[in-house]
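One letter stands for each residue in the lines below.
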Amino acid sequence: MSRRPRAAIAMSADVAARLLDGPVRRRLAELAEVDASLVVTDFTAPEARSALAGAEVLYTCWGCPPLTAEVLAGAPRLRAVVHAAGSVKHHITDACWERGLRVSSAAIANALPVAEFTLAAILFAGKRVLEIAHLYRRDRAAHDWDRRFPGFGNYRRTVGIVGASTIGRRVIELLRPFDLDVLVSDPYLDAAGAARLGVRSVELDELVAGSDVVSLHAPDLPSTRHMIDGRRLALMRDGATLINTARGALVDQAALTGELLSGRLHAVIDVTEPEVPPASSPLYDLPNVLLTPHIAGSLGGELRRMADVALDELERYAHGLPFRYGVAPEALTRSA
């Protein structure tokens, strides 16, 4: 039996302006008792306190302030948080789990554009699209591309997926129609799990040494910081490509820059540390680097997918059903 729980919206004003279009606001109002015009950006504001006092569900996205014990004390009826984005680590605190809040995330929706971006990057890397386009633009003349890039192409190339995360698994799915050999490295994935995915599980050193393309999909944790360091970069094959659509902290950027300056490796880099490299960084100009400003994830029209997944979760809550994409507190120790 459906009911309309009382809800409040919490996220940054900028995100709300892009995420909460007319159809999303209308459906939100159909599913819950909510003031769709009120977006909470600061839990200490008087209007925020009033909204929280009666809210049973929070509909959140990027920029939601942390739900601390003090904030929760002013939200005695709060039972669930529905997050219209990926990671909930920025606003879900230990106090939320101690309170027994149910939490849902739209990480599955945010995974799709990242995986699509990665698929394109893998296929373009195999065909040496970036380098050939650069040379063609510079020389404006024909080349013997086979001689210039011996063996280029995607047939029977080896792709290494670092992290069997939601995104990593989606990339594996997207790679299935292609004549590629896929390796995966993940400390939480055993051989049987890898077999179910149709890939081979190997240690990280073996993966980086044996792959033509290495694509990173691991979370940013203390244990994964600089997991791709100078030693592992040196293990990569000459001419191999590193793709990072995960987090900049996974890679020792100074070591990677050195390899890229030498011309030995290629890279598709969507995330860096710092988030925007300094203007003097050679990454902007190297012909063997495709540098993009963290655009692989949900942007533009793709935000609507996350909003819709979160609304579907709110509808399940209203019908008394468990979340389809619920977040377990123990999973946060090894996820983004």
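Thresholds applied
Residues numbered from 1 in each chain as written. Predicted model: local features only at pLDDT ≥ 70, side-chain atom pairs only at ≥ 80, totals over all residues. Heavy atoms only, no water. UniProt positions renumbered as here; feature names shortened; annotations may be inferred. Helix = DSSP H or I, 4+ residues; strand = E, 2+ residues; numbered from the N terminus. Rg over C-alpha atoms; globule rule 2.2 N^0.38 Å. Buried < 20%, exposed > 50% of the residue type's maximum accessible area, 1.4 Å probe, protein only. Areas by Shrake-Rupley, 256 points an atom, 1.4 Å probe, with all protein chains shown as cover. Lys, Arg positive; Asp, Glu negative; His and termini not counted. Charge placed at Lys NZ, Arg CZ, Asp CG, Glu CD. Phe/Tyr/Trp six-rings, centres within 6.5 Å; stacked < 30°, edge-to-face > 60°. 1 Å grid on protein atoms, 1.4 Å probe; cavity = no way out; pocket = protein on both sides within 12 Å on 5 of 7 lines; lining within 4 Å. Points joined across faces, edges and corners; volume = space filled by probe spheres on them. Pairing = 2+ DSSP bridges. Disulfide = S-S within 2.5 Å. Polar contact = N/O pair within 3.5 Å; in protein donor to acceptor, adjacent residues only side chain to side chain. Contact = heavy atoms within 4.5 Å.

Looking at an unreviewed UniProt entry, one finds the protein chain named Phosphoglycerate dehydrogenase-like enzyme and attributed to Streptosporangium brasiliense. Recorded in UniProt under Sequence similarities (unreviewed entry), the annotation for the protein chain is "Belongs to the D-isomer specific 2-hydroxyacid dehydrogenase family."

Before going further, it helps to spend a moment on the overall build of the protein chain. When its secondary structure is counted, the protein chain shows 14 helices and twelve strands. Relative to its length of 336 residues, the protein chain is compact, with a C-alpha radius of gyration of 22 Å against a globular reference of 20 Å. Based on the C-alpha atoms only, the size of the protein chain along its principal axes is roughly 70 × 45 × 35 Å. Taking all 336 residues of the protein chain together, the buried fraction comes to 50%. When the accessible surface of the protein chain is summed, it comes to about 16000 Å², and 54% of that surface belongs to carbon and sulfur atoms. Distance between charge centroids for the protein chain: 3 Å, based on 38 positive and 40 negative side chains.

On to the packing of aromatic side chains. In this structure the tally under the stated criterion is three aromatic pairs. Judged by centre distance (6.4 Å) and plane angle (25°), the ring pair of W145 and F149 falls under stacked. With 6.3 Å between their ring centres and 50° between their planes, F149 and F152 make a pair best called tilted. The exposure class assigned to F149 is buried, which follows from its relative accessible area of 14%. Classification of F152 as partly exposed rests on a relative accessible area of 22%. Every member of this aromatic cluster is reached through a ring pair, and the members are W145, F149 and F152.

Right, let's get into empty space enclosed by the protein. For the structure shown, the criterion picks out one cavity of 30 Å³ or more. Reported here for the largest cavity is a volume of approximately 70 Å³. Every residue lining the largest cavity is listed: L242, N244, G248, V251, Q253, L256, I269, V271 and T272. Elements supplying a minimum of two residues to the lining of the largest cavity: β10 (241-244) and α13 (253-262).

Here, UniProt's "domain: D-isomer specific 2-hydroxyacid dehydrogenase catalytic" (unreviewed entry) annotation points to residues 39-321. In residues 39-321, the share of helix is 39% and the share of strand is 15%. The end C-alpha atoms are 26 Å apart.

The next subject is the sheet that holds β10. Strand order in this open sheet of seven strands is β8-β7-β6-β9-β10-β11-β12, and the pairing throughout is parallel. Looking at which strands have only one partner, the edges of the open sheet turn out to be β8 (200-201) and β12 (289-291). In terms of strand pairing, β10 meets strand β11 (residues 266-269) through four bridges, oriented parallel. Bridging from a neighbouring strand, T241 pairs with H266 of β11.

Under the definition given, this model contains zero disulfides. Sulfur of C64: no disulfide; nearest cysteine sulfur belongs to C96 and is 8.9 Å away. With a relative accessible area of 7%, C64 lands in the buried category.

Glancing now at the side chain of H83. Mapped onto the elements, H83 comes out in strand β4 (residues 80-83). On the accessibility criterion, H83 (2% relative accessible area) is buried. Within the structure, H83 has its side chain in polar contact with the side chain of T60 (distance 2.7 Å). A distance of 3.2 Å separates a polar atom in the side chain of H83 from the backbone oxygen of S87. Setting aside its immediate chain neighbours within four residues, H83 contacts T60, C61, W62, V88, H91, S104, S105, A106 and A310.

The UniProt record marks residues 135-296 with the feature "domain: D-isomer specific 2-hydroxyacid dehydrogenase NAD-binding" (unreviewed entry), using the residue numbering of this structure. A distance of 25 Å separates the end C-alpha atoms of residues 135-296, which is 30% helix and 18% strand.

Tracing the backbone shows R237 in the loop between α12 (230-235) and β10. With a relative accessible area of 34%, R237 lands in the partly exposed category. In sequence terms R237 and V208 are 29 residues apart; their C-alpha atoms lie 8.0 Å from each other. Each residue touching R237, except ones within four places of it in the same chain, is listed here: V208, A209, G210, S211, D212, R264 and L265.

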